[in-house]
Amino acid sequence: MDLLGRLFAEDREEANEAAAADKPRVALFVDGPNVLRDEFDVDLDDVREAAAAAGQLTALRLYLDEHATPGLIQAAEARGFEVVVTSGDVDVRLAVDVTRFAVEDRADVIAIASRDTDFKPAIETANAYGRRTFAIAPGEFGRSDALRNAATERVTLEGDADDGPTLVGYDT
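Quick caveat, the model's predicted, so the values are computed rather than measured.

Colleague: An account of the overall build of the protein is requested, with residue identities and associated values reported.
Modeller: Within the protein, the regular secondary structure consists of seven helices and six strands. Each helix and strand of the protein, placed in order from N terminus to C terminus, yields the pattern α-β-α-α-β-α-β-α-β-α-β-α-β. Long-range contacts, defined as pairs at least 24 residues apart, comprise 65% of the intrachain contacts of the protein with a sequence gap of at least 6. Entry remark: accessible area of the protein is about 8900 Å², with carbon and sulfur atoms responsible for 48%.

What follows is the structure, encoded as structure tokens:
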């Protein structure tokens, strides 16, 4: 590449970096056992797109318990999620991670996909540290009013069987 081409390439890279720096940093935390269920028909791509509407995704974490299928773990990793598998209830690990991200200024927006009211204190802590918070409900019947009311922003996903395959990966 000639000198002029390199200069323009560097300018484009700097412009892209500046544009990314202007967008809020979004950390997405997905409560797998409460979101990826047959009755909600939610796909991880839909969850990611909902969070991306709030800014630049800088962390994508899916929390699963020991009942998750290997296919779900593999599919989530292929979609760019960091998969965190716990030996029991995922709530404590997810809530601690949300709180750390808020306190350590690792994100401007904290997005939690869940229907579990247990995350209300984590959302309130993030709010107290000046973070925008985003509650993503897996569907009308999977919505927690407590989470929605605590968060500064909210969205309810609507599953559609005609949209293609979902990533439901829990044995029933």
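Colleague: Can you explain the pattern of salt bridges? Please cite residues and give values.
Modeller: One pass over the full model with this rule turns up 14 salt bridges. We note a salt bridge from Asp-43 to Arg-79, for which the minimum N-O separation is 4.0 Å. Here the residue Asp-43 occupies a position in the loop between α2 (32–35) and α3 (44–52), and Arg-79 occupies one in the loop between α4 (70–78) and β3 (82–85), the gap between them amounting to 36 residues. Taking the relative accessible area as the measure of exposure, Asp-43 reaches 8% and is therefore buried. The class for Arg-79 is partly exposed, based on a relative accessible area of 27%. Glu-124 is the partner of Lys-120 in a salt bridge, and the nearest nitrogen-oxygen pair spans 2.8 Å. Residue Lys-120 and its partner Glu-124 are both found in helix α6 (residues 120–128); the two are separated by four residues, about one turn of the helix. Assessed through its relative accessible area of 29%, Lys-120 is described here as partly exposed. On the basis of relative accessibility, which here comes to 37%, the residue Glu-124 falls in the partly exposed class. Members of the salt-bridge network, linked through shared partners, are Arg-25, Asp-105, Asp-108 and Arg-131.

Rules used throughout
- Residues numbered from 1 in each chain as written.
- Predicted model: local features only at pLDDT ≥ 70, side-chain atom pairs only at ≥ 80, totals over all residues.
- Heavy atoms only, no water.
- Helix = DSSP H or I, 4+ residues; strand = E, 2+ residues; numbered from the N terminus.
- Contact = heavy atoms within 4.5 Å.
- Areas by Shrake-Rupley, 256 points an atom, 1.4 Å probe, with all protein chains shown as cover.
- Salt bridge = Lys/Arg side-chain N within 4 Å of Asp/Glu carboxyl O.
- Buried < 20%, exposed > 50% of the residue type's maximum accessible area, 1.4 Å probe, protein only.

Coordinates in, geometry out; function isn't part of it.
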